[in-house]
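Overview (structure and organization)
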Amino acid sequence: MIAPPDRTPLPREFFDRPVLEVAPDLLGRILVRTTPEGPIAVRLTEVEAYDGPNDPGSHAYRGRTARNAVMFGPPGHVYVYFTYGMWHCVNLVCGPEGRASGVLLRAGEVIEGVDLARKRRVSARNDKELAKGPARLATALEVDRALDGADACATGETPLRMLTGTPLASDQVRSGPRTGVAGEGGNGDRHPWRYWAADDPTVSPYRAHVPRRRRS
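Residues numbered from 1 in each chain as written. Predicted model: local features only at pLDDT ≥ 70, side-chain atom pairs only at ≥ 80, totals over all residues. Heavy atoms only, no water.

Things to note about the overall build of the protein chain
- Scanning the protein chain for helices and strands turns up 4 helices and 8 strands.
- Helices (α) and strands (β) of the protein chain occur, in sequence order from the N terminus, as α-α-β-β-β-β-β-α-α-β-β-β.
- In terms of C-alpha radius of gyration, the protein chain reaches 16 Å, essentially the compact-globule figure of 17 Å for 216 residues.
- Over its C-alpha atoms, taken along the principal directions, the protein chain stretches across nearly 55 × 40 × 35 Å.
- Looking at the protein chain residue by residue over its 216 residues, the buried ones come to 49%.
- Long-range contacts, defined as pairs at least 24 residues apart, comprise 63% of the intrachain contacts of the protein chain with a sequence gap of at least 6.
- Of the charged side chains in the protein chain, 30 are positive and 26 negative, and the gap between their average positions amounts to 8 Å. (Helix = DSSP H or I, 4+ residues; strand = E, 2+ residues; numbered from the N terminus. Rg over C-alpha atoms; globule rule 2.2 N^0.38 Å. Buried < 20%, exposed > 50% of the residue type's maximum accessible area, 1.4 Å probe, protein only. Contact = heavy atoms within 4.5 Å. Lys, Arg positive; Asp, Glu negative; His and termini not counted. Charge placed at Lys NZ, Arg CZ, Asp CG, Glu CD.)

Okay, structure coming up:
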C-alpha cells in the first residue's frame, strides 16, 4: 500500500540544514506518536528555533552535558527535556552532527487519536487546547525522557515519526520573540525565532520571561 503524499516520512536530509531554515518549514508537518492504544498525530502550528553555540537561549550554548547530549548527535532525532520539575518538552535536532541546534515543538492541532489525547489532557477545555503549548503537546502525546534520542526519521516501528504533512505557504508564517526566554536569548530583535501559523487557534499565547522568585 502506498502512503498518501502528506503521510510520507520526512527524510533525514530535511533536518540536516540550518535550524532557521528547518523551523518555519516544520509548520504544517505531522508528528505521529505510536502508543499501544493507537497512534496520536499532531499537525504542528508553532515552533521555536535554538541555534546551539550561537544562541544564549539554547541548552547547548555552554557545551555538551548529559542532559543535552542528543542535541550533538545526528539530525532528525528527538531531544526531550524536563522543566520546572513538572513538564516535558519535545525538540527535533537539526543541522550536522556535532552542531547542537534544534527546534522546540510548541503547539499543534491533534488530527488523529483525539480521544487518546483527551485521556492524557483531561484539563483541556476543548480540543484546540490539547496541544496548545510545549508541555501540553508532550503530555497529549505521552512523551517523557524515555523517548530522548528517539529517531523521528527511522523506518519501521518507531515511537515518534515526522511526516510530510502540508507545509504552510510563506505568507501564512509569522515570527517573533521566543516565549519565556531570559536575557539576550529573549531579545526579539536579534532572535525572532518563534514561528507560528497565522490566525491558528491552537497557537499558544506569547509570554515574556518572568524571573522566578526564590522562596524565603
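So, next bit.
Points about the side chain of histidine 77
- Position of histidine 77 relative to the elements: it lies in the loop between strand S2 (38–50) and strand S3 (78–83).
- For histidine 77, a relative accessible area of 17% gives the class buried.
- One polar contact links the side chain of histidine 77 to the main-chain carbonyl oxygen of glycine 149, over a distance of 3.1 Å.
- Those residues within four positions of histidine 77 in sequence are excluded, and the remaining contacts are Arg12, Val70, Asn91, Leu92, Val93, Gly149, Ala150, Asp151 and Ala152. (Polar contact = N/O pair within 3.5 Å; in protein donor to acceptor, adjacent residues only side chain to side chain.)

All quantities given are derived from atomic positions and should not be read as evidence of function.
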